[in-house]
Amino acid sequence: MKNLACNGSVKQKDTFWQAVRGVCILAVIMIHCPKGTSFAVESMEFSLWILIRQCIIFPVALFVFFAGYFTNTDTIQKNYRSYITSRAGRLIKPFLVWSVFYSLLTILRTAAKGNDIDWIVIACRFFTGKSSAQLYYILVLLQLNFLSPLLIKAIQKNGIAYKLLWLVTPLYLVYVYCWNIVFHEMPILYATVFPAWFVFYYIGLTLRLKGQEWTRKLLRFGNLYFVFFAFLLGLIETAILIKLDSNIEFFTTQIRFTCFLYAGGIALFLYNKKQRNKTPKHCGILKAFGNYSYGIYYLHYVVLMVVEKGLCAFSVQKVWLLYFVLTWVLTSAISYVCVLCGNKIAGAKGSKLGKTVLEWVGFR
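Reference entry: report on the structure contained in this document. Not measured: the values here are computed from a predicted model.

Rules of the game
- Residues numbered from 1 in each chain as written.
- Predicted model: local features only at pLDDT ≥ 70, side-chain atom pairs only at ≥ 80, totals over all residues.
- Heavy atoms only, no water.
- 1 Å grid on protein atoms, 1.4 Å probe; cavity = no way out; pocket = protein on both sides within 12 Å on 5 of 7 lines; lining within 4 Å.
- Points joined across faces, edges and corners; volume = space filled by probe spheres on them.
- Helix = DSSP H or I, 4+ residues; strand = E, 2+ residues; numbered from the N terminus.
- Nonpolar A, V, L, I, M, F, W, Y, C, P; charged D, E, K, R; others polar.
- Salt bridge = Lys/Arg side-chain N within 4 Å of Asp/Glu carboxyl O.
- Buried < 20%, exposed > 50% of the residue type's maximum accessible area, 1.4 Å probe, protein only.
- Arc of directions from axis to C-beta.
- Contact = heavy atoms within 4.5 Å.
- Phe/Tyr/Trp six-rings, centres within 6.5 Å; stacked < 30°, edge-to-face > 60°.
- Lys NZ or Arg CZ within 6 Å of the ring centre and 35° of its normal.

## Some points on the layout of surface pockets
Point 1. Approximately 1,000 Å³ is the volume attributed to the largest pocket.
Point 2. Those elements that provide at least two residues to the lining of the largest pocket are helix H1 (15-31), helix H2 (44-55), helix H5 (80-112), helix H12 (248-252), helix H15 (293-313) and helix H16 (320-346).
Point 3. At 5 residues, the largest contribution of residues to the lining of the largest pocket is made by H15.
Point 4. Counted by class, the lining of the largest pocket contains 26 nonpolar, 12 polar and 8 charged residues.

## A closer look at the pattern of salt bridges
Point 1. Tallied over the full model, the rule gives 3 salt bridges.
Point 2. In this structure, glutamate 359 engages lysine 93 in a salt bridge whose closest nitrogen and oxygen atoms are separated by 2.9 Å. Residue glutamate 359 is located in helix H17 (residues 352-361), and its partner lysine 93 is located in helix H5; the two are separated by 266 residues in the primary sequence.
Point 3. Across the pair glutamate 237 and arginine 256 runs a salt bridge whose closest N-O atoms are separated by 2.9 Å. With glutamate 237 in helix H11 (residues 224-243) and arginine 256 in the loop between H12 and helix H13 (257-275), this pair connects stretches of sequence that are 19 residues apart. One exposure class covers both glutamate 237 and arginine 256, and it is buried.

## Comments concerning H17
Point 1. Restricting attention to buried positions, one finds in H17 the residues Gly354, Leu358 and Val361. Mapping the buried residues of H17 onto a view down its axis gives an arc of 70 degrees, with all of them on the same face. Facing away from the buried side of H17 by over 90 degrees, the exposed positions are Lys352 and Leu353.
Point 2. Its buried side turned inward, H17 meets H5, H15 and H16.

## Observations regarding the environment of asparagine 158
Point 1. With respect to the helices and strands, the residue asparagine 158 is situated in the loop between helix H7 (136-157) and helix H8 (160-164).
Point 2. Classification of asparagine 158 by relative accessible area gives partly exposed; the value is 37%.
Point 3. Between the C-alpha atom of asparagine 158 and that of alanine 346, which follows or precedes it by 188 residues, the distance is 47 Å.
Point 4. Those residues in contact with asparagine 158, other than ones at most four positions away along the chain, are Lys163 and Lys210.

## Side note on the packing of aromatic side chains
Point 1. By the definition in use, this model includes 39 aromatic pairs.
Point 2. For the ring pair phenylalanine 65 and tyrosine 69, a centre distance of 6.1 Å and an interplane angle of 5 degrees mean the geometry is stacked. Within this pair, phenylalanine 65 and its partner tyrosine 69 are both found in helix H3 (residues 59-69), separated by 4 residues, close to a single helical turn.
Point 3. Site record: aromatic cluster; members linked through ring pairs are Trp98, Phe101, Tyr102, Tyr137, Tyr294, Tyr297, Tyr298, Tyr301 and Phe363.
Point 4. For arginine 21, the ring lying beneath its charged end belongs to phenylalanine 66, and the centroid distance is 5.2 Å.
Point 5. Above the plane of the ring of tyrosine 69 lies arginine 208, whose end atom (NZ or CZ) is 4.5 Å from the centre.

Purely geometric numbers; function is a separate question.
Dropping the structure here:
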């Protein structure tokens, strides 16, 4: 994902990492597909949805990891102001465009239902990345980018600050768990503040700066046994939380200890695989999705809404699994084709205006 997950220390796109980004964006789309919450907890549909969700609960964490790992540390140390200006521009421009777009959609849908428009809520959602479900991540990435110089210094000095920073996300997770126990709901903007995802960015930066040293240390965690173990722990934790009648947002969120162990294990497994030069040969489709993942990330949610409406017109929603799979396949395909065509048309013949438009909508 050019802007979302990669800060550009590697100029040439790597086939392996592009394919992984492709997997991640497909997982993001699947996460947003029709949920199984309308079914009874004891139903097969609900159980199947929980199982699927637990399998695909890694993409945002991996995107944060990529952002840290591909940070251009040399540029930051030489000219931090220039780096931040460039990065902020690439992130904020499409964020504003799509926030306006999704806000307008909300306004139109509210007006069509004959309900009053709460402009304060619309404004609050706009500025907190809540105009659409996926936009919060851009604000997370902005926060982490601003912190990068301090983090780089801490990692290079390898002192007490470096060690204490590993506690940021674990302590935040303790806060999220305690909040749920006391109030039976998730904290406000719990996924939008940087501590929630900090550890993945920090791991990525650490591997960027201390790769050889850390490769040896992390080999024990970067394997499929650990990934599978963390996955099972996640299922067990989810089952316990359901039994305890926890908030549904809590037992399905990515921001839990077991989910982070699972996502972290996947990140380290992929890193180790890449270090051993074990790149799959047949990953053309995944690489294609990875190349356009940034644009797909912004676009897919509106495509998904249209696809859901279309499928409901044919009563496909009555068979949940079919509805889920078709929504995912069609949304993925249509989003990819739209971003591809946008690049072919607007980016044709080196048009400066076309490239500017693509930059503002995040398609390049």
